[in-house]
Amino acid sequence: MVKRAPKRKRPASRQVIFAPWRQTYIKRARAEAEDCVFCEALAIGKSPKSLIVYKGPTCSVILNKFPYNNGHTMIIPNRHTAEFDKLESKEFFELHELLKKTVVALKAQFQPQGFNLGMNLGRVGGAGIIDHLHYHVVPRWMGDTNFMPLIGETKVVSETLEQTYEKLVPLFT
């Protein structure tokens with residue numbers, strides 16, 4: 001028997017909620033790195049400092065320095081590229097294998113009720129880091145969004161990046 005999500009009534013008009021507080025994080029991340037933040041992390045290698053959880057032959061798993069939720073990770077090619085359609089076959093395969101492995105690891109460690117998986121390509125496509133493509137993997141739970149980011153300009157993430165790092169590293173070895 002297939003479980004289906006309950007149907008929700010669609011509002012007559014959708015409300016748009018803006019989150020301008022995210023720009024603070026994006027601008028800070030850009031200002032902290034003279035070069036590509038991902039390439040700098042890859043040069044350091046797998047460590048809590050770089051936030052790289054796993055480094056494979058062509059792609060890696062890295063924690064998001066400014067997470068939306070606990071366990072917010074990214075899958076990146078080790079080669080500096082923004083061109084999804086120009087990924088080599090080995091890169092494309094490993095990128096997607098790591099995407100799958102990351103979802104499995106996050107399910108095991110955090111028991112989320114859902115996920116946001118996505119990639120924004122180019123400035124117009126919404127990429128915060130436009131020169132090095134990356135998948136976002138964001139675990140989600142019922143009620144994980146609240147008024148804090150909108151009213152208090154604060155996002156509550158209930159564990160440190162170091163704690164998340166220590167939980168995930170063993171799942172990628």
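Rules used throughout
- Residues numbered from 1 in each chain as written.
- Predicted model: local features only at pLDDT ≥ 70, side-chain atom pairs only at ≥ 80, totals over all residues.
- Heavy atoms only, no water.
- Core = buried A, V, L, I, M, F, W, Y, C linked by side-chain atoms within 4.5 Å.
- Buried < 20%, exposed > 50% of the residue type's maximum accessible area, 1.4 Å probe, protein only.
- Helix = DSSP H or I, 4+ residues; strand = E, 2+ residues; numbered from the N terminus.
- Contact = heavy atoms within 4.5 Å.
- Pairing = 2+ DSSP bridges.
- Axes fitted to C-alpha atoms, helices over the stretch in contact; angles between N-to-C directions.
- Arc of directions from axis to C-beta.
- Phe/Tyr/Trp six-rings, centres within 6.5 Å; stacked < 30°, edge-to-face > 60°.
- Lys NZ or Arg CZ within 6 Å of the ring centre and 35° of its normal.
- Salt bridge = Lys/Arg side-chain N within 4 Å of Asp/Glu carboxyl O.
- Polar contact = N/O pair within 3.5 Å; in protein donor to acceptor, adjacent residues only side chain to side chain.
- Parallel < 35°, antiparallel > 145°, perpendicular 65-115°, else oblique.

Student: Sorry, what's going on with the nonpolar core here?
Tutor: In globular proteins that are soluble, nonpolar side chains generally tend to be buried together. Core analysis: the biggest nonpolar cluster contains 30 residues, and Val53, Ile62, Ile75, Leu95 and Leu168 have the highest contact counts within it. Among the elements of the structure, helix 2 (37-44), strand 1 (52-55), strand 2 (59-63), strand 3 (73-77), helix 3 (89-110), strand 5 (135-140) and helix 5 (161-168) are those that each provide at least two residues to this core. If you tally residues by element for this core, the top one is helix 3, at seven residues. Here isoleucine 62 is in contact with Phe38, Ala41, Ser50, Leu51, Ile52, Val53, Thr73, Met74 and Ile76, once residues within four sequence places are set aside.

Student: I keep staring at the sheet that holds strand 2 and nothing clicks. Help me out?
Tutor: Sheet strands pair via backbone hydrogen bonds, and the direction of the pair is either parallel or antiparallel. One open sheet accounts for five strands, arranged 1-2-3-5-4; its pairing is antiparallel. Of all the strands in the sheet, just strand 1 and strand 4 (114-118) have a single pairing partner and so form its edges. Strand after strand, the sheet turns through a mean of 15° between neighbouring axes, direction not considered. Bridging between strand 1 and strand 2 involves three bridges; their strand directions are antiparallel. Note on strand 2: the bridge partner recorded for isoleucine 52 is isoleucine 62. Sitting on the sheet, helix 5 is in contact with strand 1, strand 2 and strand 3, with an inclination near 140° to strand 2.

Student: Can you help me understand helix 2 in this one?
Tutor: For an α-helix, 3.6 residues make a turn, and residues three or four places apart therefore share a direction. Where helix 2 is concerned, the buried positions are Phe38, Ala41 and Leu42. The buried residues of helix 2 occupy one face: seen down the axis, they fall within an arc of 100°. Trailing helix 2 by a residue or two, glycine 45 shows a phi angle of about 95°, which is positive.

Student: Would you mind going over the packing of aromatic side chains with me for this structure?
Tutor: We describe a pair of aromatic rings using the distance from one ring centre to the other and the angle between the two ring planes. Using the criterion set out here, one finds two aromatic pairs in the structure. Judged by centre distance (6.0 Å) and plane angle (35°), the rings of tyrosine 54 and phenylalanine 172 are tilted. One end of the pair, tyrosine 54, is in strand 1; the other, phenylalanine 172, is in the segment after helix 5, with 118 residues separating them in the sequence. Exposure remark for phenylalanine 172: the relative accessible area of 4% places this residue in the buried category. Each ring, one from phenylalanine 84 and one from phenylalanine 92, has its centre 5.7 Å from the other, and the planes form 65°; the classification is edge-to-face. When its relative accessible area of 39% is taken as the criterion, phenylalanine 92 is described as partly exposed. Over the ring of tyrosine 54 we find lysine 101, and its NZ or CZ is 5.7 Å from the ring centre.

Student: Quick question: what am I supposed to make of the pattern of salt bridges here?
Tutor: Applying the stated rule across the entire model yields two salt bridges. Its salt-bridge partner being lysine 167, residue glutamate 159 comes within 2.7 Å of it at the nearest N-O pair.

Student: I would appreciate a short explanation of the environment of lysine 90 in the present structure.
Tutor: Mapping lysine 90 onto the fold places it in helix 3. The exposed category is assigned to lysine 90, whose relative accessible area is 66%. Taking C-alpha positions, lysine 90 is 7.1 Å from threonine 58, a pair spaced 32 residues apart along the chain.

Student: Explain the side chain of asparagine 69 to me, please; I cannot follow it from the model alone.
Tutor: Among the secondary structure elements, asparagine 69 is positioned in the loop between strand 2 and strand 3. Relative accessible area serves as the criterion here: at 6%, asparagine 69 is assigned to the buried category. Among the polar contacts listed, one links the side chain of asparagine 69 to the backbone oxygen of proline 139, at a separation of 2.9 Å.

Student: I tried to follow the packing of helix 3 against helix 5 on my own but got confused; where do I start?
Tutor: Between two packed helices, what matters for the description is the angle formed by their axes and the separation of those axes. Contact pair helix 3 / helix 5: the axes reach a minimum separation of 10 Å and the direction vectors enclose 110°. It follows that helix 3 is roughly perpendicular to helix 5 by the angle criterion. Counting all contacts with helix 3, which are made through Ala105, Leu106, Gln109 and Phe110, the residues of helix 5 involved are Thr164, Lys167 and Leu168.

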